[in-house]
Amino acid sequence: MDDTPLLQGLHVVDLASFIAGPAAATVLGDFGADVVKVEPPRVGDTYRAFSRMPPNPRVEGVNYAWQLDNRNKRSIELNLKSPGARPVLEALVRWADVLVTNFPPPVRARLGVEYEDLAPLNGRLIYADITGFGETGPDAHLPGFDATAYWARTGLMDLTRQGDAPPAINVSGAGDHSTAVTLFAGIMTALYRREKTGRGARVTASLIAEGAWAAGVWLQALLVGARNPRPVDRLHPPNALANTYRTADNRWLLLAFVNEDKQVPLFLRAIGHPEAAEDPRFKDSASRHVHSADIVALLDQAFARRPLAEWRTLLDSAGLTYGVVQTLEESAADPQLKANGVLVPIESDGAAPHLTIDSPVRLDQERKVPPRPAPDLGEHTEDVLGELGFDAAAIEELRAAEAIPPPR
């Protein structure tokens, strides 16, 4: 294994804000790319304040969301609204291999950062563009967030509720992070194309497309004429063996039996009801599905008699497929996550390093860069400008033009 990170020497300009676009740049940085994050002067990316916004948990003195999605980057302050910033932007574009943006189409046009504006400056540029609702269509201009474009618009939010219960608010960033991996895949595909052709490309991804892909199995069914099976009532599900059950200590288990004919007899013995195998309602899949409400009533009573620990032992011994509905606290301490390097320490000067979540893309033959602290706002402005060829006098001219802020 070569100790040199795979993407070392790759230059990335992160013009994006909030989660999906910056997180894609973070994955590039995890593999060693040099990522320069461009932020508005004085205020920075508004995502810097995200972890203080309800309903997100508060941790005094730790900006955990910023750390997760902006580690291993350098930050510069640049006022893209100022005409004086144009030389810096163009220098960054010429320096870059990849540029990531999530400005809505009208803002891209107003700032002069559309693909057609920047591609002539660098024929090898990979321009990666992420939107909420796609590039065209009646809603392309709308601001798109994880909750609105990924969850609500695509049917996923409706699919996750029970009966007539109101839709649940899902964890922040779930759709953003999956969309970020899609954008990363598109960027790497474009880099491969550049190796073959020598030419750059435009890459696009959207929250609405990612949500449709996530809902794809059932959305595809509707496209060919099926009826929507939702919302499901847990007491009257289509399949009692793909359902949740409460244990005696108020924990929840999810059964996930695929090979029912093999697993049902084993399961009935494990729960102490081997005689049910002779019940016509359990005869075959068709019968079990028709009588799912009766089976749920039986299983509710059975699972309520034992605590979770006992059920885990019984179900594991029978080799049955199930999942424990873990709390976030349990997930944060899950030895499986630590054993597989999903939770990794942040390199810092502190005596007790915090853990962070590694990006999910892995290559056995390549090492990632250890996570370093995310940058302070404008921490690297002068360093990056110097690397781009701006001397002290030119930097003062940029300040006079209000393209960059005064030194702190």
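Within any chain, residue numbers begin from 1 and follow the written order of that chain's sequence. Where totals are concerned, whole chains, interfaces and linings use all residues; where local detail is concerned, this predicted model gives features only for residues with pLDDT of at least 70, and gives and counts side-chain atom pairs only at 80 or more. With hydrogens and water stripped out, all remaining heavy atoms of the structure feed into the side-chain values.

In the nomenclature of an unreviewed UniProt entry, the chain corresponds to Formyl-CoA transferase from the organism Streptomyces yunnanensis.

1. Section: the overall build of the chain
Helix and strand definitions here come from DSSP, where helices need a minimum of 4 consecutive H or I residues and strands a minimum of 2 consecutive E residues; each element is numbered from the N-terminal end. What the chain contains, in helices and strands, is 18 helices and 11 strands. When its C-alpha atoms are laid out on the principal axes, the chain stretches across 85 × 55 × 45 Å. The contact definition used throughout considers only heavy atoms, calling two residues in contact when any of these lie within 4.5 Å. For the chain, the share of sequence-separated contacts (at least 6 apart) that also reach a separation of at least 24 residues comes to 68%. Computed with a 1.4 Å probe, the accessible areas rest on the Shrake-Rupley method; for each residue, only the protein chains presented here act as cover. Taken as a whole, the chain presents about 21100 Å² of accessible surface, with 57% of it coming from carbon and sulfur. Here the chain contributes 41 positive and 53 negative side-chain charges, whose respective centroids are spaced 3 Å apart. Residues counted as positive are Lys and Arg, residues counted as negative are Asp and Glu, and His and the chain ends are not counted. Taken as the charge location is NZ of Lys, CZ of Arg, CG of Asp or CD of Glu.

2. Regarding the sheet that holds strand β6 (residues 201–206)
For two strands to be treated as a pair, DSSP must find no fewer than two bridges joining them. Spatially, six strands are ordered β3-β2-β1-β4-β5-β6 in an open sheet, and the strand pairing comes out parallel. What marks the edges here is a single partner per strand, and that holds for β3 (73–77) and β6. Geometrically, the sheet is characterised by an average inter-axis angle of 20° between neighbouring strands, direction not taken into account. Two elements, strand β2 (residues 34–39) and β3, share five bridges in a ladder whose sense is parallel. Each residue of the ladder has a partner; that of V36, found in β3, is R74. Fitted lines through C-alpha atoms serve as axes, helices being fitted only where they are in contact, and the angles separating the N-to-C directions of these axes extend from 0 to 180 degrees.

3. Quick notes on empty space enclosed by the protein
A cavity, in this analysis, means grid points on a 1 Å lattice covering only the protein atoms where a 1.4 Å probe fits yet has no way out; a pocket is instead an open set bounded by protein on both sides within 12 Å along at least five of seven lines, and a residue lines either one if it has an atom within 4 Å of a point. Grid points are joined across faces, edges and corners, and a volume is the space filled by probe spheres set on the points. Scanning the model with the defined rule gives one cavity of 30 Å³ or more in all. Each pocket or cavity is described by its volume, and for the largest cavity that value is around 30 Å³. The element contributing the most residues to the lining of the largest cavity is helix α11 (residues 260–270), with three residues. Lys, Arg, Asp and Glu make up the charged group, whereas Ala, Val, Leu, Ile, Met, Phe, Trp, Tyr, Cys and Pro make up the nonpolar group; the residues left over, Gly among them, are polar. In terms of residue class, the lining of the largest cavity is built from six nonpolar, no polar and one charged.

4. Some words on the packing of aromatic side chains
When we look at a pair of aromatic rings, we describe it by the centre distance and by the angle of the planes. When the centres of two rings from Phe, Tyr and Trp lie within 6.5 Å, Trp using its six-membered ring, the rings pair. Their planes under 30 degrees apart give stacked, over 60 give edge-to-face, and anything left gives tilted. For the structure on display, the rule yields 11 aromatic pairs. Ring centres of F31 and F184 lie 6.2 Å apart, and the angle between their planes is 15°; this geometry places the pair in the stacked category. With F31 in the loop between α1 (20–30) and β2 and F184 in helix α8 (residues 174–197), this residue pair connects regions lying 153 residues apart in the sequence. Here F31 matches F184 in class, with each residue buried. Whether a residue is buried, partly exposed or exposed follows from its accessible area with a 1.4 Å probe, protein chains only, as a fraction of its type maximum: under 20%, in between, or over 50%, in that order.

5. Thoughts on the pairing of strand β1 (residues 11–14)
Where β1 and β2 come together, four bridges link them in parallel fashion. Each residue of the ladder has a partner; that of H11, found in β2, is D34. Where the polypeptide runs from β1 across α1 and back to β2, its parallel neighbour, the crossover connection is right-handed. As judged from the three bridges shared by β1 and strand β4 (residues 98–101), these two strands associate in the parallel manner. Residue D14 lies in a different strand from β4, and its bridge partner there is V100. Here, the term right-handed applies to a crossover whose path from the first strand over the helix to the second runs clockwise when the strands point away from the viewer.

6. Focus on the pattern of salt bridges
For this document, the term salt bridge refers to a Lys or Arg side-chain nitrogen within 4 Å of an Asp or Glu carboxyl oxygen. Scanning all chains against the criterion turns up 28 salt bridges. Here K73 ties to D14 by a salt bridge, and the two come within 2.8 Å at their closest N and O atoms. Pair noted here: K73 is in strand β3 and D14 is in strand β1, with a separation of 59 residues, a long-range link. Judged on exposure class, the residue K73 and its partner D14 are both buried.

7. Digging into the nonpolar core
The criterion is simple. A nonpolar core is a set of buried Ala, Val, Leu, Ile, Met, Phe, Trp, Tyr and Cys residues joined through side-chain atoms within 4.5 Å. Formed by 31 residues in total, the largest nonpolar core has its most connected members in V13, L15, L78, L92, L99 and F390. In terms of residue count, helix α3 (residues 86–95) provides more of this core than any other element does, six residues in total. Other than its neighbours up to four places away in sequence, L92 contacts V13, V36, V38, I76, L78, V384 and L388. Judged by nonpolar contacts, the second largest core, of 28 residues, contains L7, A180, L183 and L191.

8. As for the sheet that holds strand β9 (residues 322–324)
In space, the three strands of this open sheet follow the order β7-β8-β9, with antiparallel pairing throughout. Edge positions in the sheet fall to β7 (244–246) and β9, since each of these pairs with one other strand and no more. On average, each strand axis in the sheet is inclined to that of its neighbour by 25°, with strand direction left out of account. Alignment of strand β8 (residues 252–255) against β9, held across three bridges, turns out to be antiparallel. What sits directly across from L253, in β9, is V324. Against the sheet, helix α14 (residues 308–317) touches β8 and β9, its axis set at about 155° to β9.

9. Here's the deal with a nonpolar patch on the surface
A patch consists of residues whose relative accessible area exceeds 30% and which take part in no salt bridge; residues with like charges are grouped when within 9 Å of each other, and nonpolar side chains (Val, Leu, Ile, Met, Phe, Trp, Tyr) when within 5 Å. A contiguous nonpolar patch, built from L219, L223 and V224 and spanning about 310 Å² of accessible area, is present on the exposed surface. Relative to the assigned elements, V224 resides in the loop between α10 (216–223) and β7.

10. So, the side chain of E260
As for its placement among the helices and strands, E260 is situated in helix α11. The exposure class of E260 is buried, given its relative accessible area of 6%. Of note is the side chain of E260, whose polar atom sits 3.2 Å from the side chain of N239. If near-sequence neighbours (up to four positions away) are discounted, E260 is found in contact with N239, L241, P265, S285, R288 and H289. Pairs of N or O atoms are called polar contacts if they sit within 3.5 Å, as long as, within protein, a hydrogen donor faces a hydrogen acceptor (for residues adjacent in sequence, only side-chain-to-side-chain pairs).

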